[in-house]
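Chain by chain, the residues:
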Amino acid sequence: MVRPLVEEAEVFESETDQLAIEFRQGKLFSQERRSGRGWGLRVIKDGKVGFAAGTNPDKLGEMVKAAIAASVHGNRAGFDLPKPAELKPVKIFENRVMLVTADKMVSWGKELIDALGSRVPELKLDVEFGRTYREVGLANTAGIDYAFQRVEFDVTVTGLLVQDGLFWLGDYVNLSSGAHFPLHEVVGRMELLARLAKERVVLPSGDYPVVVMPTALPALLAPLLTGVNGKYKEKGVSPLIGKEGSKVLSQEITLIDNQVRPFGMATAPFDGEGVPARKNVLFDRGVFKGFLFDIATAAASGAESTGSAVRSYKRLPQPGTSNIELNPGTEELEGVIREMKTGLVVYNFIGGGQSNLLAGEVSLNIACGFRVEKGVVVGRVKDVCIAGNVYEMFQRVEGVGSTQRDLGSYFLPFVKFSSLKVASKD
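Residues numbered from 1 in each chain as written. Predicted model: local features only at pLDDT ≥ 70, side-chain atom pairs only at ≥ 80, totals over all residues. Heavy atoms only, no water.

### Remarks on the overall build of the protein chain
In step 1: When its secondary structure is counted, the protein chain shows nine helices and 22 strands.
In step 2: Taken over C-alpha atoms, the radius of gyration comes to 23 Å for the protein chain, in line with the 22 Å a tight globule of 426 residues would show.
In step 3: Seen through its principal axes, the protein chain has C-alpha atoms that stretch 75 × 55 × 35 Å.
In step 4: Going through the 426 residues of the protein chain one by one, you find that 51% of them count as buried. (Helix = DSSP H or I, 4+ residues; strand = E, 2+ residues; numbered from the N terminus. Rg over C-alpha atoms; globule rule 2.2 N^0.38 Å. Buried < 20%, exposed > 50% of the residue type's maximum accessible area, 1.4 Å probe, protein only.)

This is how it looks when you write it as structure tokens:
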């Protein structure tokens, strides 16, 4: 339909079917089914990019006209759409996940709430099961005609203790591989945090050794992952420009963007433009290895796409991350805590907390954290935050945990920092 009217064209199609089961305050709150389908059309007309999106298959002709009209004022295209290439198989669809009924999810939720309620009656629980069946298709005038189906299934648990103020604790399980819901493991983790939280303690402001658990680590990684985005390389504002091949973080840190990780929430055989998915090492033992590019930012930067285009049907592709992995080290949590004199273990931050994301400046309030004294966790802290520059923080990594935690699109061990700046209201 569009081929004779433009130099190049690409259509991206996405269809989803979502099932969500939600418990609030220990009670079944809702069961929802949502579905959606849409198309995004990118064209290159007279050397400029036009884009239009829609959800009505009977109006695709109008979408073509809209994309061509938009190209009049579009950015100049400095790239060609990718040609077909070999795609490697990835594990993204497990039939057993689709066999889990809504009734089964409700049953799991009630079992979890009953089990935790019998052990920690004062804990108010919210639980959400979410399953998404997703179909993605991509075709372009260069010959690409790809598609994949993926199923994503996870559980998020949030607990609230009202005791000398409010205190949140949480847990997460990625069930996309078809694994059985690990009820007893979740109960054990939540009960441990709730038990440790019953005693409130003071941690004066100062510099302390800090262990950041996998559940809290994404907040500290966010500025680094922004810095590696090719969009900011193109704009000339990333602090990592000119540092390819240089050691900028501790040698303990090897950080990877892995779009082929089995059953990751962002795993796919190709990116949002049809470039084959792959692993991109971002930092290798602290050495910055390079930026993440889509085809537009790669062309503008004199580089090649890293297969890192992310998109929905509603928006043009842009560079972004997929599944983030931090290579495990050798440390065990019990041993690290045992060797601490005075320190802090952080399980969750609250809010974004980035004061200058690109520069790496953060000020993160701790939602769930515990003081360690003479090798023992002595109680929870409140009104405490961690502040500083993450590029400097990640130079002070003293150890990395031996096991990665599956957090859906993050696969992380804990990280021990030798010293971070901690600010407290007490």
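### Examining the pattern of salt bridges
Pairing is possible between side chains of opposite charge, provided their charged atoms come close.
In step 1: The full count for this structure, using the stated rule, is 22 salt bridges.
In step 2: Between R42 and E273 there is a salt bridge whose closest N-O contact spans 3.1 Å. Of this pair, R42 sits in strand β2 (residues 27–45) while E273 sits in the loop between β8 (255–258) and β9 (279–284), and the two are 231 residues apart along the sequence.
In step 3: The exposure class assigned to E273 is buried, which follows from its relative accessible area of 0%.
In step 4: Put simply, E373 and R371 hold a salt bridge, and the shortest N to O gap is 2.7 Å.
In step 5: One network of salt bridges, with partners in common, ties together E10, R42, E273 and R311. (Salt bridge = Lys/Arg side-chain N within 4 Å of Asp/Glu carboxyl O.)

### What about the sheet that holds strand β1 (residues 8–24)?
In step 1: Spatial ordering of the open sheet is given by β3-β2-β1-β4-β5-β6, a layout of six strands whose pairing is antiparallel. At either margin of the open sheet sits one strand with a lone partner, and together these are β3 (48–54) and β6 (166–174). In this sheet, neighbouring strand axes are inclined to one another by 20° on average, regardless of whether the strands run parallel or antiparallel.
In step 2: Looking at chain direction, β2 and β3 are connected through seven bridges and run antiparallel. Considered in β3, the bridge of W39 is made with G54.
In step 3: Lying over the sheet, helix α1 (residues 60–71) contacts β2 and β3, oriented at roughly 150° with respect to β3. (Pairing = 2+ DSSP bridges. Axes fitted to C-alpha atoms, helices over the stretch in contact; angles between N-to-C directions. Contact = heavy atoms within 4.5 Å.)

### Topic: helix α4 (residues 183–197)
Since one α-helical turn is 3.6 residues long, residues separated by three or four positions face the same way.
In step 1: When the terminal C-alpha atoms of α4 are compared, their 21 Å separation across 15 residues agrees well with the 21 Å that a helix rising 1.5 Å per residue should span.
In step 2: Every buried residue of α4 is accounted for by L183, V186, V187, M190, L193, A194, L196 and A197. (Expected span 1.5 Å × (residues − 1).)

### Details of the pairing of strand β4 (residues 124–140)
In step 1: Relative to β4, β1 is paired through 14 bridges, and the arrangement is antiparallel. Paired with E10 across the strands is N140, a residue of β4.
In step 2: In this sheet, strand β5 (residues 145–162) lies alongside β4 in antiparallel orientation, the contact comprising 16 bridges. By the bridge assignment for β5, F129 is matched with V155.

Just geometry here; none of it tells us what the structure is for.
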